[in-house]
Number of protein chains: 2
Amino acid sequence: METVKYLLPEEKIPQAWYNLVADLPHPPAPVLHPGTQQPVTPDDLLPLFPMGLIAQEASTERWIEIPGEVREILKQWRPSPLFRARRLERALDTPARIYYKYEGVSPVGSHKPNTAVAQAYYNKQEGTRRLATETGAGQWGCSLAMACAFFGLECKVYMVRVSYDQKPYRRAMMEAYGASVSPSPSPETEAGQAILAQDPGSPGSLGIAISEAVEVAAKNPDTRYSLGSVLNHVLLHQTVIGLECIEQMDLAGDAPDVLIGCTGGGSNFAGLAFPYLGRNLAGKGRTRIVAVEPAACPSLTRGRFAYDFGDTAHLTPLVKMHTLGSTFVPPRIHAGGLRYHGMAPLVSHALDLGLIEATSVQQLDAFQAGVTFARAEGIVPAPEANHAVAAVLAEALRCKQEGVSRAILVNLCGHGHFDMQAYTDFAAGKLQNFEYPDHEIALALAGLPSVG
Amino acid sequence: METVKYLLPEEKIPQAWYNLVADLPHPPAPVLHPGTQQPVTPDDLLPLFPMGLIAQEASTERWIEIPGEVREILKQWRPSPLFRARRLERALDTPARIYYKYEGVSPVGSHKPNTAVAQAYYNKQEGTRRLATETGAGQWGCSLAMACAFFGLECKVYMVRVSYDQKPYRRAMMEAYGASVSPSPSPETEAGQAILAQDPGSPGSLGIAISEAVEVAAKNPDTRYSLGSVLNHVLLHQTVIGLECIEQMDLAGDAPDVLIGCTGGGSNFAGLAFPYLGRNLAGKGRTRIVAVEPAACPSLTRGRFAYDFGDTAHLTPLVKMHTLGSTFVPPRIHAGGLRYHGMAPLVSHALDLGLIEATSVQQLDAFQAGVTFARAEGIVPAPEANHAVAAVLAEALRCKQEGVSRAILVNLCGHGHFDMQAYTDFAAGKLQNFEYPDHEIALALAGLPSVG
């Protein structure tokens, strides 16, 4: 039996995004203004985001229509395929039924364009001339650069220094799309200058890069800010993934017992998980939902659910999320997209409500899983996705030990074609695991702002 | 109007490969034994290839059934999408209707797995334990490494030195699949040793790497040789591309006036072109068919149609093809997959019969075209594919100048995610064009073997 593909016809691209907030038993905590500690107003956010996105950020509507022009562009790579990983099942000799949704078919090789196109669209509608953003591994930066090229917007990207050095091909791709890319921390912003003054060799972090991009947007009226994860509207845009999966699993005549996604900011995980979580909440499903994060950046499993800044320089509003503290700088793991101190407030809230589970995976286990997956399925996963794959292999092994056939559904959020240096380093024994002693985590958390 | 995708359902993957030989007005010249200069027999080829492939190499049947197991594996990425490049048309302000078949959706990002899977299958059937091969840019090596992983075969790859240095990520990918990769020329073979003795800094060439892989296969009874292009059976396996396109263009309600593909060994070009050429020959179509090669390696446009060796060390049989001479070492252009001294005998024969046209493109024009394409369509083409894209842009410009709307169909044979260094070098002004003076071409051709 070979790997099976489940494809949907183009007209099955969802007509609307799914907003989990509408179905939550308790509403998420409000976003607070850092000065007043009062809930932010739309006007507070207008220097950073267009009103179309601000409205989505605060919406409690269950379904939000996808604009026709956005949907037309998504059709280039959507609906993305769902695969039954028969060859992997055989290689593992497991009774588990393993399904993977593959988002690597987009032009940049990941799920990120799903929201980049929508964000560029709303900004274009409202007269934005330039978008500023951060990027870790570069998946997001490439996606926004591409979307900006489609809509005729300029694009300025602050790329986390360690990834800028590790992944020059991602930078080259952003520049091919016409974007301007700077390593972060950079001397171009006050936020970057402050970090460089403390540590000229700083590897950077998503928190620092966000500060730089937010600062540029705040200071330039023709520039707005764009974020590749974390925020409600970003997670919303990714729900096309899970909505398609529900139809595709029906095609396969199956339903997931366990759903797995990797989490950095939370968007690919939420994109798959939230539509399924909505079904659970509506009593239509009983899928276990597991978020997998790197042990080197364990916001969900070891962080605190508390108000914190989204960035290091404290330019953003305060959001309640699982966090390691906004000054936490994760080690230089290759899964650059997962090197974020916080976690999407909605994902954090769902964990706090006990609606989902969280676990962490070490870097070496992640890459070993990636190699196993590649040899069986052909697709070489991105380092981020390898964390999810490692959890899938563990679950498949449990199925084997228990002699139980469970259906496992995972979001393979991107391919690793830009990340092969990581595989080379793994094969050469140059990668390592990371485990924080409790006192280091406690120290990082001690810096959390006091709220209320 | 946004870019439009034309998808076929899975059951539309062709059931059989199309063999152009059945429809040619004159048969191609026979392959000759280098010692006797008599046509080779199947037994002559058996040390290198399994009988299943040898039979295809010599077949005159029009349709050759695709084995079920091969077809099942191809389903993972086939049928590949055909796109109408609306955004590119708009960017060019051309009345041309531009369609691209996109082979970058395979796990390795190019068309090469179409034949790799078939070759691994027949070898597995006939007891081969290990396959040896060459690779230029690494698209082929990755594809065969993946196919070998699927079938449990060992894989040994000789990678042209210049690409080994330029494209380390391709090497990493082959190794992730479990293949053993050596830069060529290598000290592991007599052929490699001889080249290194003459020129320790040799950049290598596909001709040299072929010699090494053939030598390893000839000397080891458990090892056979696998070639990623040039041979009839390889071109045959790629005809799934054109066969799908015929159905997809029907879906689009259109038919190509001009068909364009880039040519190195000829397989992606033939894969798209031969089914259309068959229709032309049957009086069912009048598509102009254009092969595009790099000006730096102009076998079709400046080489001679003559018997020559497929490799530099003269270990292969003699084939009649357009060639620059088997000792020709092309300059270090980034389109490593096009750095071959010869051209597929069937493509050469079709050109000799006046059934197709050939043109050449300079490296800088190719990359400029690639950037234009990427900004409009999102997909960053491989350097090889950029040559075809440049010809598309030129044709679209002619349409604009003439005020005529022609349908242009191009094979976008792979993405450039592994080749971003080339884009960086292009943006930095580090790439150059190459033009050979006539006397250099004449000198290279003077070394052709005398046959008959």
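Here the structure is shown first, and the text comes after it.
Residues numbered from 1 in each chain as written. Chains lettered and ligands numbered in written order. Predicted model: local features only at pLDDT ≥ 70, side-chain atom pairs only at ≥ 80, totals over all residues. Heavy atoms only, no water.

A. Summary view of the overall build of chain A. Broken down by element type, chain A carries 18 helices and 15 strands. For chain A, whose C-alpha radius of gyration is 20 Å, the value lies close to the compact-globule estimate of 22 Å for 452 residues. Dimensions of chain A along its principal axes, counting C-alpha atoms only, are 60 × 50 × 45 Å. A total of 452 residues make up chain A; the buried ones form 67% of that total. About 14,400 Å² of surface is accessible on chain A, with carbon and sulfur atoms providing 51% of the total. (Helix = DSSP H or I, 4+ residues; strand = E, 2+ residues; numbered from the N terminus. Rg over C-alpha atoms; globule rule 2.2 N^0.38 Å. Buried < 20%, exposed > 50% of the residue type's maximum accessible area, 1.4 Å probe, protein only. Areas by Shrake-Rupley, 256 points an atom, 1.4 Å probe, with all protein chains shown as cover.)

B. Examining the packing of helix α16 (residues 363–377) of chain B against helix α17 (residues 383–402) of chain B more closely. Residue and element names in this part refer to chain B. Running from amino to carboxyl end, α16 crosses α17 at an angle of 85°, the nearest separation of the two axes being 7 Å. Between α16 and α17, the angle is such that the two are roughly perpendicular. Facing D365, A366, F367, A369, G370, T372 and F373 of α16, the residues of α17 in contact are P383, N386, H387, V389, A390 and L393. Residues belonging to the contact of α16 with α17 are distributed by class as follows: 8 nonpolar, 4 polar and 1 charged. (Axes fitted to C-alpha atoms, helices over the stretch in contact; angles between N-to-C directions. Parallel < 35°, antiparallel > 145°, perpendicular 65-115°, else oblique. Contact = heavy atoms within 4.5 Å. Nonpolar A, V, L, I, M, F, W, Y, C, P; charged D, E, K, R; others polar.)

C. Molecular detail of the relation of the copies chain B and chain A. Mapping chain B onto chain A calls for a rotation angle of 180° and an axial translation of 0.0 Å; the resulting RMSD is 0.0 Å. Read as a symmetry element, the transformation amounts to a two-fold axis. A high fraction, 100%, of the interface residues of chain B reappear at the interface in chain A, so the copies pair face to face through one surface. (Least-squares fit on C-alpha atoms with pLDDT ≥ 70 in both.)

D. Up close: the interface of chain B and chain A. Counting residues at the interface gives 48 residues for chain B and 48 residues for chain A. Overall, the association of chain B and chain A removes approximately 3,700 Å² of surface from exposure, summing both partners, and the carbon and sulfur fraction of that is 57%. Across the chain B-chain A interface, the total number found is 0 salt bridges. Our count for the chain B to chain A interface comes out at 22 residue pairs in polar contact (both at pLDDT 80 or more). Top contributing element to the side of chain B that touches chain A by residue count: helix α8 (residues 168–176) of chain B, with 6 residues. A breakdown of the residues in the side of chain B that touches chain A according to their chemical character gives 25 nonpolar, 10 polar and 13 charged. (Buried area = accessible area lost by both parts, 1.4 Å probe. Salt bridge = Lys/Arg side-chain N within 4 Å of Asp/Glu carboxyl O. Polar contact = N/O pair within 3.5 Å; in protein donor to acceptor, adjacent residues only side chain to side chain.)

E. Quick peek at the side chain of A:K156. All names here are of chain A. Take K156: it is sitting in strand β7 (residues 154–160). Overall, K156 belongs to the buried group, its relative accessible area being 9%. Engagement of the side chain of K156 in a polar contact is seen with the side chain of S182, the distance being 2.7 Å. Here E188 takes part through its side chain, which lies 3.2 Å from a polar atom of the side chain of K156.

F. Inspection of the side chain of B:E215 at higher detail. Residues and elements named next belong to chain B. Of note, E215 is situated in helix α10 (residues 206–219). The exposure class of E215 is buried, given its relative accessible area of 9%. A distance of 2.7 Å separates a polar atom in the side chain of E215 from the backbone nitrogen of E190. Those residues in contact with E215 that sit more than four places away from it in its chain are T189, E190, A191 and L315.

G. Examining the sheet that holds strand β6 (residues 130–135) of chain A more closely. All names here are of chain A. Overall, parallel pairing links the 4 strands, which are arranged β8-β7-β6-β9 in an open sheet. Only two strands of the sheet have a single neighbouring strand rather than two, namely β8 (180–184) and β9 (223–226). Taking the axes of each pair of neighbouring strands and ignoring which way they run, one obtains an average angle of 25° across the sheet. In this structure, β6 lies alongside β9, joined through 4 bridges in parallel fashion. Bridge pairing in β9 places R130 opposite T223. (Pairing = 2+ DSSP bridges.)

H. Spotlight on helix α12 (residues 240–251) of chain B. Residue and element names in this part refer to chain B. For α12, with 12 residues, the first-to-last C-alpha span of 17 Å sits near the 16 Å given by 1.5 Å per residue. Counting buried residues in α12 gives 9 out of 12 residues, a clear majority hidden from the surface. Every buried residue belonging to α12 is among V240, I241, G242, L243, E244, C245, I246, Q248 and M249, and all of these are buried. Just past α12, the residue G253 takes up positive phi, approximately 70°. (Expected span 1.5 Å × (residues − 1).)

I. Fine view of the packing of aromatic side chains. All names here are of chain A. Scanning the model with the defined rule gives 19 aromatic pairs over all chains in all. Their ring planes at 75° and their centres at 5.1 Å tell us that Y121 and Y122 sit as a pair that is edge-to-face. These aromatic residues form a ring-pair network of at least three members: F83, Y100 and F373. Sitting over the ring of Y164, R171 keeps its end group 4.2 Å from the ring centre. (Phe/Tyr/Trp six-rings, centres within 6.5 Å; stacked < 30°, edge-to-face > 60°. Lys NZ or Arg CZ within 6 Å of the ring centre and 35° of its normal.)

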